[in-house]
Amino acid sequence: MKAFGRVPVIVGLLVLFSIRVDAHDPSMPNHEWFNKQEMNPAARQRLGVPWKSCCDNGDVFKTRFRVGEDRSDQWQYLKDGEWKIIPPDIIKEEDTPDHLPVLFINRHTGVELCFFVPRGGL
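Everything numeric here is computed off the predicted structure, so don't read it as measured data. (Residues numbered from 1 in each chain as written. Predicted model: local features only at pLDDT ≥ 70, side-chain atom pairs only at ≥ 80, totals over all residues. Heavy atoms only, no water.)

**With respect to the sheet that holds strand β4 (residues 75-79)**
Across a sheet, paired strands are connected by hydrogen bonds in the backbone, their directions being either parallel or antiparallel.
And then number 1: Here we have three strands laid out as an open sheet, ordered β3-β4-β5, and antiparallel in their pairing. Across the chains shown, the open sheet's two edge strands, defined by having one partner strand only, are β3 (65-67) and β5 (82-85). Averaged over all neighbouring strand pairs, the angle between strand axes comes to 35°, with direction disregarded.
And then number 2: In terms of strand pairing, β4 meets β5 through four bridges, oriented antiparallel. Bridge pairing in β5 places L78 opposite W83. (Pairing = 2+ DSSP bridges. Helix = DSSP H or I, 4+ residues; strand = E, 2+ residues; numbered from the N terminus. Axes fitted to C-alpha atoms, helices over the stretch in contact; angles between N-to-C directions.)

Okay, here's the thing in structure tokens:
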């Protein structure tokens with residue numbers, strides 16, 4: 001009986017950690033910063049996309065992040081219960097307004113577009 005009570009809590013937490021945030025909402029804090037971010041040229045070329053903006057076709061993906069298990073420069077994020085590798089050509093070393101990691105994902109395809117490395121640790 002107790003196991004059935006845990007299921008809604010676990011599902012709720014998974015949903016909470018997998019929410020996309022609409023950076024286009026003018027009431028969102030730092031709205032202008034989000035809208036100014038552009039993809040790295042290498043990522044645009046690899047993906048074959050004509051746009052530059054991280055935000056035009058993408059949304060911020062709220063989740064957990066970690067450094068690769070081998071402690072390399074590889075970054076990973078949690079999506080649908082699985083750790084996924086962040087493509088190196090989308091990594092940006094610039095700081096974010098709240099010094100936290102930010103990942104933009106294409107809202108139609110789920111492809112990673114831009115990732116801003118956290119300043120202050122995880």
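**Looking at the side chain of N40**
And then number 1: Relative to the helices and strands, N40 resides in the loop between α2 (31-36) and α3 (41-47).
And then number 2: For N40, a relative accessible area of 17% gives the class buried.
And then number 3: Engagement of the side chain of N40 in a polar contact is seen with the backbone oxygen of D89, the distance being 3.0 Å.
And then number 4: Setting aside its immediate chain neighbours within four residues, N40 contacts D89, I90, I91 and K92. (Buried < 20%, exposed > 50% of the residue type's maximum accessible area, 1.4 Å probe, protein only. Polar contact = N/O pair within 3.5 Å; in protein donor to acceptor, adjacent residues only side chain to side chain. Contact = heavy atoms within 4.5 Å.)

**A word on the pairing of β4**
And then number 1: Along β4, five of the five residues are buried, which leaves the element largely enclosed by surrounding structure.
And then number 2: Every second residue of β4 is oriented toward a common face, with W75, Y77 and K79 on one face and Q76 and L78 on the other, all of them buried.
And then number 3: Inspection of the sheet shows β3 paired to β4 by three bridges, in the antiparallel sense. In the strand pairing of β4, F65 is matched with Y77.
And then number 4: A loop of two residues connects β4 with β5, the two strands running antiparallel in sequence, and D80 in this loop sits at a positive phi of about 55°.

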